[in-house]
Structures are given as C-alpha cells and as structure tokens.
Amino acid sequence: MQVKEVMSRRIIAISPEETVAVAARLLSQHNIGALPVCSRDGRLRGMVTDRDIVLRCVAPEADPKSVPVKEIMSRRLAAVAPGDDVRQAARLMARRQIRRLPVVAEGKVVGMVSLGDLAQCGRYEMEISRALTDISSVVQKLSE
C-alpha cells in the first residue's frame, strides 16, 4: 500500500515569517500537532509542532506574538513521497521518533501522514505498532 492511499490531503501550513502565536492558533483550531512550514511557492522549509512552541518559545519566556516561526521550527526534516510504501513511512517515523510526516512531491507538500493514518489502513499493524512503541518509549524516557 502506498502513502498516497492513506495520507491526508488537507494541508494546513504556515509561512516561516508568521508568528508563533498564529501557529499555535492554527494547531488549536484544526486540532493538529504539527504544521509544515512552507515558502510562498509551497516548498517545505521546516515543521513546527506544539512541542517546538513550548520548548523553544514559551519555556524561554519569548513573546509568541513577536517570534517568527522560522526561529523555532525544526529544520532537520523527514518526509515521504506519495508513492512510498506505508511500511517505509512507519519505519522512518520510528527511526526519527516522530508521529507525523509531510508528503512531498516535486519539493512541494501534497499531504500529511500520521501514525493514526497508518493504523487505519490495518494491513501493516506490526510495523505501525513497532513505530508507536519506539516513539512512545523515547517520550516516556524524556518525561522521567
């Protein structure tokens, strides 16, 4: 099964120049945990998560209304292509300890795939279960 068969095509993205406050509102309004950060031409430049906002803006007591997303976004990106196998996506999520991946075609974001999307396909439970276990164990160790 290919990533394009399970990915969400509804993309909520943000520009690098927008403020962290705008990013937080988008995450809240759409009940999502990550936003692709895209240039005006739709090219992926980074990702910003609720965790990035807390650790890189709120905790150091910066002003979310004045800090641009580009200052707190993650630049070390992992992405998949629409034609990639879902098992490959699950392995990448496990290896990089992430729950969501942008789906990129010709340099532009065309979708997002999450562990939840992979779990709903039901065919690769072992790989998905392994990815979730790996990610959850790292999160648990960090919180101890």
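Worth saying up front: this structure is predicted, and the values here are computed from it rather than measured. (Residues numbered from 1 in each chain as written. Predicted model: local features only at pLDDT ≥ 70, side-chain atom pairs only at ≥ 80, totals over all residues. Heavy atoms only, no water.)

Some details on the layout of surface pockets
Point 1. Space inside the second largest pocket adds up to approximately 300 Å³.
Point 2. Along the walls of the second largest pocket sit 14 residues, with Ser-8, Ile-32, Ala-34, Arg-100 and Met-112 positioned nearest its centre.
Point 3. Counting residues per element, the ones that place at least two in the lining of the second largest pocket are strand E1 (34–38) and strand E4 (108–114).
Point 4. Tallying contributions element by element places E4 first for the lining of the second largest pocket, with three residues. (1 Å grid on protein atoms, 1.4 Å probe; cavity = no way out; pocket = protein on both sides within 12 Å on 5 of 7 lines; lining within 4 Å. Points joined across faces, edges and corners; volume = space filled by probe spheres on them. Helix = DSSP H or I, 4+ residues; strand = E, 2+ residues; numbered from the N terminus.)

Observations concerning helix H1 (residues 20–30)
Point 1. Inspection of H1 places Val-20, Ala-21, Ala-23, Leu-26 and Leu-27 among the buried residues, and these make up the whole buried set.
Point 2. Among the structural elements, E1, strand E2 (44–49) and helix H2 (50–58) are those in contact with the buried residues of H1.
Point 3. Positioned one or two residues after H1, Asn-31 has a phi angle of 50 degrees, which is positive. (Buried < 20%, exposed > 50% of the residue type's maximum accessible area, 1.4 Å probe, protein only. Contact = heavy atoms within 4.5 Å.)

What about unusual backbone geometry?
Point 1. A positive phi angle, close to 50 degrees, is found at Asn-31, a residue other than glycine.
Point 2. Position of Asn-31 among the secondary structure elements: in the loop between H1 and E1.
Point 3. A relative accessible area of 71% means that Asn-31 is categorised as exposed.
Point 4. Phi is positive for Glu-61, close to 60 degrees, though the residue is something other than glycine.
Point 5. Summarising the element assignment, Glu-61 is placed in the loop between H2 and helix H3 (86–96).

Observations concerning the packing of H1 against H2
In a pair of packed helices, the angle between the axes and the distance between the axes together describe the arrangement.
Point 1. With their axes 10 Å apart at the nearest point, H1 and H2 run at an angle of 145 degrees to one another. In the crossing of H1 with H2, the sense of the turn from one axis to the other is left-handed. Contact residues: H1 offers Val-20, Ala-23, Ala-24 and Leu-27, while H2 offers Asp-50, Ile-53 and Cys-57.
Point 2. Its residues assigned to classes, the contact of H1 with H2 shows six nonpolar, no polar and one charged. (Axes fitted to C-alpha atoms, helices over the stretch in contact; angles between N-to-C directions. Left-handed = near helix turned anticlockwise from the far one by under 90°. Nonpolar A, V, L, I, M, F, W, Y, C, P; charged D, E, K, R; others polar.)

Considering the environment of Val-80
Point 1. Along the chain, the position of Val-80 falls in the loop between H2 and H3.
Point 2. Note on Val-80: relative accessible area 3%, which makes it buried.
Point 3. For the pair Val-80 and Lys-4, spaced 76 residues apart in sequence, the C-alpha to C-alpha distance is 9.8 Å.

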